[in-house]
Amino acid sequence: MAITFSDLHTEAGLKSLEEFLGRKTYISGDQISKDDIKVFAAVPKPGEGFPNVCRWYQTVVLALTSRFPGEAVGVKIYSHAASPAPVPAPAAKSAPEGDDDDDLDLFGDETEDDKKAAEEREAAKKASSKKKESGKSSVLLDVKPWDDETDMKKLEETVRSIEMPGLLWGASKLVPVGYGIKKLQIMMTIVDDLVSVDTLIEERLTVEPCDEFIQSCDIVAFNKI
């Protein structure tokens, strides 16, 4: 049975999702499902005040990007997975009953209340658009070691030790490359105005002391949030 939540564009809806996730990796089961896809589509962006939602959101992005490499999450991904259920549009305000017959709209003319409701919907739409243009990006990074003798646990600790304003490290996994060598795939969320991924790689990840473990880094996926 599909799992549903209240309006996830509201604080109450996000709070219910935050409490539900707890220590869960996915909405239902041990792997990504249709429930995750539908809820993912309904969440406008990870909320910084909701750590469980943020963690789950990044995990879903990583899972979708790994399953459909090279495609922008939220655009082409849904053509492969189940299409998310559309969010019902808010009901239009009904015009208050008037005392005079002159207030009756017999010919379907737009009333002042109709105009006001339309303006409110347009304002909400613009506010929603501004909210999506948050200036944040979700980045999937490949971090490659020198050889098969590199301690991958210390490599990941070295990566996560890098802290800077606007940078948040997310989910990660080891991916076999060949000849016993594995690379680290790690997700990160950045504030575009504060963090340059190229600078992060060139001036932090591939220089001392990180270059003791890290041979090179590549950007696998870069998606605006």
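These numbers come from a predicted model, not from an experiment.

Visitor: Quick question: what am I supposed to make of the overall build of the protein chain here?
Guide: A tally of regular secondary structure across the protein chain gives seven helices and four strands. Element order for the protein chain, N to C, with α for helix and β for strand: α-α-α-α-α-β-α-β-β-α-β. For the protein chain, the proportion of its 225 residues judged to be buried stands at 33%. Across the protein chain, contacts joining residues at least 24 apart in sequence account for 67% of those joining residues at least 6 apart. Here the protein chain has roughly 14200 Å² of accessible surface; of this, 50% comes from carbon and sulfur atoms.

Visitor: Help me understand the sheet that holds strand 3 (residues 181-191), please; the structure alone is not making it clear to me.
Guide: Sheets are built from strands paired through backbone hydrogen bonds, the pairs being either parallel or antiparallel. A sheet is described by the order of its strands in space; here four strands give the open sequence 2-3-1-4, paired in antiparallel fashion. With partners counted over all chains shown, the strands left at the sheet margins are strand 2 (167-178) and strand 4 (214-224), one partner each. For this sheet, the mean angle separating the axes of adjacent strands, direction not counted, is 20°. Alignment of strand 1 (residues 136-145) against strand 4, held across nine bridges, turns out to be antiparallel. Note on strand 4: the bridge partner recorded for Leu 140 is Ala 221. Along the sheet, helix 7 (residues 197-205) makes contact with strand 1, strand 2, strand 3 and strand 4, crossing strand 4 at roughly 165°.

Visitor: Please explain unusual backbone geometry as it appears in this structure.
Guide: Leave glycine aside and you will find that most residues have negative phi; peptide bonds, for their part, are mostly trans. In this structure, the amide linkage connecting Glu 208 to the following residue, Pro 209, adopts the cis form with an omega of 0°. We note that Tyr 179 has phi near 55°; this positive angle belongs to a residue other than glycine. Note on placement: Tyr 179 falls in the loop between strand 2 and strand 3. Classification of Tyr 179 as exposed rests on a relative accessible area of 84%.

Visitor: What is the right way to read the pattern of salt bridges from this model?
Guide: By the definition in use, this model includes four salt bridges. The closest approach of N and O atoms between Arg 160 and Glu 156, which form a salt bridge, is 3.0 Å. Placement of both Arg 160 and Glu 156 in helix 6 (residues 152-160) is noted, with a separation of four residues, approximately one turn of the helix. Ionic pairing is found between Lys 224 and Asp 192, a salt bridge with its closest N-O pair at 2.8 Å. Of this pair, Lys 224 sits in strand 4 while Asp 192 is found in the loop between strand 3 and helix 7, placing the two residues 32 residues apart along the sequence. Judged by its relative accessible area of 60%, Lys 224 is exposed.

Visitor: Would you mind showing me how to read the confidence of the model for the protein chain here?
Guide: Atomic detail in the predicted coordinates should be set aside for any region of low pLDDT. When pLDDT is averaged across the protein chain, the result is 77; 72% of the residues are at 70 or more. Ranking the elements of the protein chain by mean pLDDT puts helix 4 (residues 77-80) last, at 39, and helix 6 first, at 95. For residues 98-107, every residue scores under 50 in pLDDT, and the model assigns this stretch three contacts once sequence neighbours within four places are set aside.

Visitor: Would you explain the side chain of Thr 158 in this entry?
Guide: Secondary-structure assignment places Thr 158 in helix 6. On the accessibility criterion, Thr 158 (13% relative accessible area) is buried. Not counting residues within four places of it along the chain, the set of residues in contact with Thr 158 comprises Cys 210 and Phe 213.

Definitions and cut-offs
Residues numbered from 1 in each chain as written. Predicted model: local features only at pLDDT ≥ 70, side-chain atom pairs only at ≥ 80, totals over all residues. Heavy atoms only, no water. Helix = DSSP H or I, 4+ residues; strand = E, 2+ residues; numbered from the N terminus. Buried < 20%, exposed > 50% of the residue type's maximum accessible area, 1.4 Å probe, protein only. Contact = heavy atoms within 4.5 Å. Areas by Shrake-Rupley, 256 points an atom, 1.4 Å probe, with all protein chains shown as cover. Pairing = 2+ DSSP bridges. Axes fitted to C-alpha atoms, helices over the stretch in contact; angles between N-to-C directions. Salt bridge = Lys/Arg side-chain N within 4 Å of Asp/Glu carboxyl O. pLDDT = per-residue confidence, 0-100.

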